[in-house]
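One letter stands for each residue in the lines below.
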Amino acid sequence: MTRGVDHAAIARAVEVLAAGGLVAVPTETVYGLAADADSPAAVRAIFAAKGRPADHPLIVHVAGAEALSAWARDVPPAAHALAHAFWPGPLTLVLAKSGRAHDVVTGGQDTVGIRSPAHPWARALLAAWTAKRADAAAALAAPSANSFGRVSPTTAAHVRADLGEKPHGRVDLILDGGPCPVGIESTIVDLSGAAPRLLRPGAVTRAQIEAVLGVPLPDAGGDAPRASGRLQKHYAPRTPLELVEPARLHARVNALRGTRLAILAPPLALFDRTADIVLRLIAPAAADEYARRLYAFLHELDAAGAERILIAWPPDAPQWEAVRDRLRRAQAGGVEGFDAD
Ligand code: TXA
Ligand code: MG
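Note that the structure is a prediction, hence the values are computed from the model and not measured.

Cut-off values and rules
Residues numbered from 1 in each chain as written. Chains lettered and ligands numbered in written order. Predicted model: local features only at pLDDT ≥ 70, side-chain atom pairs only at ≥ 80, totals over all residues. Heavy atoms only, no water. Salt bridge = Lys/Arg side-chain N within 4 Å of Asp/Glu carboxyl O. Buried < 20%, exposed > 50% of the residue type's maximum accessible area, 1.4 Å probe, protein only. Core = buried A, V, L, I, M, F, W, Y, C linked by side-chain atoms within 4.5 Å. Helix = DSSP H or I, 4+ residues; strand = E, 2+ residues; numbered from the N terminus. Contact = heavy atoms within 4.5 Å. Pairing = 2+ DSSP bridges. Axes fitted to C-alpha atoms, helices over the stretch in contact; angles between N-to-C directions. Parallel < 35°, antiparallel > 145°, perpendicular 65-115°, else oblique. Left-handed = near helix turned anticlockwise from the far one by under 90°. Nonpolar A, V, L, I, M, F, W, Y, C, P; charged D, E, K, R; others polar.

J.: Please explain the pattern of salt bridges as it appears in this structure.
T.: Opposite charge on two side chains permits pairing when their charged atoms draw close. Evaluated as defined, the whole model comprises 20 salt bridges. Between Asp172 and Lys166 there is a salt bridge, with its nearest N and O atoms 3.2 Å apart. Judged by relative accessible area, which is 29%, Asp172 ranks as partly exposed. Residues Asp316 and Arg324 are paired through a salt bridge, measuring 3.9 Å at the closest nitrogen-oxygen approach. On the accessibility criterion, Arg324 (12% relative accessible area) is buried. Put simply, Glu185, Asp325, Arg326 and Arg329 are held in one network by salt bridges that share partners.

The following block contains the structure:
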């Protein structure tokens with residue numbers, strides 16, 4: 001499903017970035033909105049395009065682990081071990097920042113989030129960018145390419161429909177590499193404190209990280225560094241969304257008689273009242289496929305003209321942790337209005 005890399009488009013993207021512009025680029029997780037990480041003015045344009053508060057830090061995307069020491073200081077052995085195990089890939093490391101990481105990138109914090117993406121388009125863009133700059137550590141600051149409060153984009157069409165391309169939209173160039181193969185944002189691990197903490201679950205699981213670190217990886221507590229992805233009302237569709245235990249789904253549909261419903265549930269969930277169901281999507285049985293399609297599902301459920309979205313909870317099992325996390329946040333935003341990244 002990933003498209004072959006269009007090197008002419010990559011070359012155009014590098015020129016846009018060198019001129020301080022914004023490029024939407026596919027990564028294996030979600031589409032990112034990239035700018036030159038060394039240019040405060042270019043990075044400020046990201047915040048303006050997204051309508052995102054300036055104190056929310058961005059992830060610095062690098063070509064590889066050799067860039068760690070350029071963007072972070074006192075890099076601990078655990079960072080090298082995790083980078084060796086999972087880079088390039090959907091894992092972001094939060095480390096004490098170096099002098100190179102501008103306040104505008106880090107949201108004024110003393111830490112920086114760094115990731116080396118695996119998607120062939122993102123890798124081609126970083127390869128061309130480091131070559132253009134003649135600097136292996138040249139990097140792209142990029143949040144997800146959605147406006148603040150909206151669901152992350154997993155296709156170029158999502159980016160076009162939300163931020164749009166200039167002259168009518170806000171992005172200088174949208175690269176189309178096809179749908180993102182992972183589909184939810186990277187796992188974020190904070191290595192800047194005394195012990196490692198999980199800031200955001202993702203495709204690289206807690207168990208995989210614990211196996212490399214050799215210590216447990218607890219969730220960050222209330223004193224964790226700011227991460228807008230940690231806000232409850234995040235990843236939110238506009239239609240009120242309700243998560244329902246599969247065994248209760250049938251009764252819930254009956255109780256909501258007269259309410260137009262859009263439903264995401266396993267194939268075996270059967271309803272004898274279908275009059276109110278305007279859209280019925282089948283939930284994949286495997287966690288990785290569910291994650292890959294999750295945001296497209298949310299976009300589609302949200303666009304169905306329903307008054308309520310019902311989603312059956314996936315199993316409470318380790319491989320479903322990241323999907324359940326995103327669903328929980330989508331529910332918090334959908335019911336109470338969306339006000340986050
Ligand atoms: O998969 C991803 O991570 C995607 C792709 C584009 O790489 N990016 C992404 O960026 O999801 P964004 O900005 O939408 O979410 C990044 C999260 C935010 O919640 C941000 O607050 C957190 O990472 N973050 C970045 N730097 C941080 C830091 N120094 N300390 C704590 N959290 C940080
Ligand atoms: Mg985001």
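J.: Explain the nonpolar core to me, please; I cannot follow it from the model alone.
T.: Soluble globular proteins tend to pack their nonpolar side chains together in the buried interior. Of all hydrophobic cores here, the largest spans 48 residues; its most connected members are Trp71, Leu82, Leu91, Leu93, Ile114 and Ile209. Here this core gets five residues from one element, more than from any other, and that element is helix H2 (residues 40–50). If we skip the residues at most four places from it in the chain, Leu93 touches Ala79, Leu82, Ala83, Trp87, Val112, Gly113, Ile114, Val189 and Leu191.

J.: Which parts of the structure should I look at to understand the pairing of strand E8 (residues 187–190)?
T.: Side chains Thr187 and Val189 of E8 all project onto a buried face; the interleaved residues Ile188 and Asp190 project onto the opposite face, where all are buried too. Note that E8 and strand E9 (residues 197–200) share three bridges and pair antiparallel. Looking across to E9, one finds that Val189 is bridged to Leu198.

J.: Sorry if this is basic, but what is going on with the pairing of strand E13 (residues 308–312) here?
T.: Along a regular strand, successive side chains alternate from one face of the sheet to the other. In terms of burial, E13 is a largely internal element, four of the five residues being buried. Of the strand pairs in this sheet, strand E10 (residues 241–244) and E13 are connected by four bridges, and their pairing is parallel. Directly across from Val244, in E13, lies its bridge partner Ala312. Inspection of the sheet shows strand E11 (residues 261–265) paired to E13 by four bridges, in the parallel sense. Within E13, the residue paired with Leu264 across the bridge is Ile311.

J.: Before we go on, may I ask you to explain the sheet that holds strand E1 (residues 23–26) in this structure?
T.: Strand pairing in a sheet relies on backbone hydrogen bonds. The paired strands run either parallel or antiparallel. The sheet built from nine strands is open, its strands ordered E7-E1-E2-E6-E3-E5-E4-E8-E9 with mixed pairing. For this open sheet the edge positions go to strand E7 (173–174) and E9, each flanked by a neighbour on one side alone. Helix H6 (residues 120–133) rests against E1, strand E2 (31–36), strand E3 (59–61) and strand E6 (140–142) of the sheet, and its axis sits at about 130 degrees to E1.

J.: Would you explain the environment of Asp38 in this entry?
T.: Counting through the fold element by element, Asp38 comes out in the loop between E2 and H2. The exposure class of Asp38 is partly exposed, given its relative accessible area of 29%. Separated by 62 residues in the primary sequence, Asp38 and Arg100 place their C-alpha atoms 7.4 Å from one another.

J.: Just checking my understanding: could you explain the packing of helix H4 (residues 77–86) against helix H8 (residues 206–213) for this structure?
T.: Where H4 meets H8, the closest approach of the two axes is 10 Å, and the angle between their N-to-C directions is 125 degrees. By the angle class used here, H4 and H8 are oblique. Between H4 and H8 lies a crossing of right-handed hand. For the pair formed by H4 and H8, the contact residues are Ala78, Ala81, Leu82, Ala85 and Phe86 on the first element and Gln208, Ile209, Val212 and Leu213 on the second. Split by residue class, the contact of H4 with H8 holds eight nonpolar, one polar and no charged.

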